Structure formats: C-alpha cells, structure tokens
Amino acid sequence: MIVTAATVLAVILIAGRRRPVSRRLTPASVADDGDLGTTHRRRLARSLSVGVAALVRRRSGDVGPADVAEWCEALARSVRSGTSLHESVASTEPNAPAMTDHLDPYRHRLARGDTLIEAVRPGQRPAGRELRLALDVIGICSAVGGSAAAPLDRTAAALRQRAADRSERRAQAAQARLSAHVLTVVPLAMLGLLLIVDADVRTAVATPVGVAVVAGGLTLNAAGWLWMRAVVERSIR
C-alpha cells in the first residue's frame, strides 16, 4: 500500500508535466473511443467485483463474538422447545459460514456416536476463544445436567457485551490507525516528490551514502509501521 501510494503520486506528477496531445475527432475515432470506454468500464467493473469477492471471502473466515452469541441463542431456543442439547448442537446451523467449518469436526464426532462431553473437547483445529467458550459451556451443561437454556443465554449475553466492547475499541483506535498510515505515507511521498523535482536530491540519492541513508530510512519506516500496527491491533482484541 505504501509503495503504491508513492508510485501513484509520482505518476500523477509526471503526467501533469506532459502536454496534452490534440487530435481531430472523426466518426471513426469517436466510435473507437466509445468501444475503448466500454471496454474500460467492463474491466473496471470486473476488477471491482473480484476485489469485493476477495474481501467477502476474507471477512467470511472471521468468527466474531456476535456470531457465536447468535448461535448460542438459537441453541437456547431449541432446548426450550423440547429438543435435547445433543440434538440441538447437531442440528442447529449457525448463520456465519466460517462457524460451520469450525463446528464440523465436533458434529462428526457426534455422528460417530461420541457423547456430547467427548465431542466438544478441544480437537486438533482451534475453534477460537468465543466458540471455545460456548463449547465449554455446552460440555459443562451436558456433564451437570438440567436445562441448558439459561447458561446458553448468559453465555450469549456475555459474548454480546464482548462484541460491543470490541466495536468500541475499534472506534477509539481509528484515529491511531489513521495517524500510523499518515506517518508512514508522508515521508515516502515527500521522498518521491523531491526525487522528481530536485536534481540535487537525485544526485545525492545515487551515491552509495545516499542509497544507505534511503535504505535505512525505509527500514525504520517499515519497522515503525509494523510496530504501530501491532500496538493498535493488540489494543482492539
């Protein structure tokens, strides 16, 4: 992202110094421009669709506390309707597609004939903190006995509160995230601008000392960006 921003800035500055080339508009050229415009729009629409699809696939792999809370509430409703906890876990489908992938190993154990306590034990694939909490509550309810609706509802309420706290932390960390991006991009943009408009800077950068200074600055810039990102990401977990 940083290198892309600096490259775009350099291209804009170089393009702004070029003189526009005029040409006579003919019906054939207008038709060609129309075809090129249509092709460009189609390529842009295809690129946007691919980007959105990639973003959806990336976000669909995340399992948040709100998703687990909704599944716990669905389990509580199923138990209150008279279905056993074993059957509720095996039949209640979560709305989040990623949760289905995490729950499949435990459901396969139930289908093989394992008890609910044995099935919800931690397996080889990690389930995440929120889903692991829900599975631990299910295992305890199965071991202790009694109605599991109330514990599942309390688990869902705790996960809802955790989701609200995480959203609040993300909102408060937005300014720090923006500051990290600005402090990272501005030095690179200034370097690119000086390389374009100042011959002395280009001469100095071409020397071995200049190359070492620029390399050290880029290394420190990247290290600072990674450090700030780690601090912000850790604060919103």
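Preceding block: the structure.
Conventions and cut-offs
- Residues numbered from 1 in each chain as written.
- Predicted model: local features only at pLDDT ≥ 70, side-chain atom pairs only at ≥ 80, totals over all residues.
- Heavy atoms only, no water.
- Core = buried A, V, L, I, M, F, W, Y, C linked by side-chain atoms within 4.5 Å.
- Buried < 20%, exposed > 50% of the residue type's maximum accessible area, 1.4 Å probe, protein only.
- Helix = DSSP H or I, 4+ residues; strand = E, 2+ residues; numbered from the N terminus.
- Contact = heavy atoms within 4.5 Å.
- Axes fitted to C-alpha atoms, helices over the stretch in contact; angles between N-to-C directions.
- Parallel < 35°, antiparallel > 145°, perpendicular 65-115°, else oblique.
- Left-handed = near helix turned anticlockwise from the far one by under 90°.
- Patch = residues over 30% accessible without salt bridge, like charges linked within 9 Å, V, L, I, M, F, W, Y side chains within 5 Å.
- Areas by Shrake-Rupley, 256 points an atom, 1.4 Å probe, with all protein chains shown as cover.
- Salt bridge = Lys/Arg side-chain N within 4 Å of Asp/Glu carboxyl O.

Asker: What should I look at first to understand the nonpolar core in this one?
Answerer: Generally speaking, nonpolar side chains in soluble globular proteins are found buried as a group. One finds W71, L85, L135, I138 and L152 to be the most contacted residues of the largest nonpolar core, which totals 28 residues. For this core, the element with the most residues is helix α3 (residues 65-80), which contributes seven residues. Sequence-distant contacts of L152, defined by excluding residues within four places in its chain, comprise C72, L75, A76, L85, V137 and I138.

Asker: Just to check I follow, could you spell out the packing of α3 against helix α8 (residues 149-172) for this structure?
Answerer: In a packed pair of helices, the relevant descriptors are the angle between the two axes and the axis-to-axis distance. Orientation of α3 relative to α8, taken along the N-to-C sense of each, is 160°, at an axis distance of 8 Å. It follows that α3 is roughly antiparallel to α8 by the angle criterion. Considering how the two elements wind past one another, α3 and α8 form a crossing that is left-handed. On α8, the residues that touch P65, A66, V68, A69, E70, C72, E73, L75, A76, V79 and R80 of α3 are A149, A150, L152, D153, T155, A156, L159, R160, R162, A163 and R166.

Asker: Where do I start with the packing of helix α7 (residues 129-144) against α8 in this structure?
Answerer: Across the interface, α7 lies against α8 with an axial gap of 10 Å and an inter-helix angle of 165°. One way to sum up the angle between α7 and α8 is to call them roughly antiparallel. Every pair of crossing elements has a handedness; the one defined by α7 and α8 is right-handed. Here R129, E130, L133, A134, V137, I138 and C141 of α7 lie close against α8, whose contacting residues are P151, L152, T155, L159, R162 and R166.

Asker: I keep staring at a nonpolar patch on the surface and nothing clicks. Help me out?
Answerer: Among the surface-exposed residues, L178, V182, V186, M190, L194 and V197 lie close enough to one another that they form a single nonpolar patch of about 520 Å² accessible area. When you line up the elements, L194 lands in helix α9 (residues 174-197). With relative accessibility at 35%, the residue L194 sits in the partly exposed group.

Asker: Quick question: what am I supposed to make of the pattern of salt bridges here?
Answerer: Pairing is possible between side chains of opposite charge, provided their charged atoms come close. Under the counting rule described, the total for this entry stands at seven salt bridges. Between R80 and D153 there is a salt bridge; the shortest N-O distance is 2.3 Å. Taken together, the residues R80 in helix α3 and D153 in helix α8 connect sequence positions 73 residues apart. Exposure remark for R80: the relative accessible area of 53% places this residue in the exposed category. On the basis of relative accessible area, D153 is assigned to the partly exposed category, the value being 27%. Across the salt bridge formed by D114 and R112, the nearest N and O atoms sit 3.6 Å from each other. A residue is classified by how much of its surface remains accessible, and D114, at 23% relative accessible area, is partly exposed. Note on R112: relative accessible area 61%, which makes it exposed.

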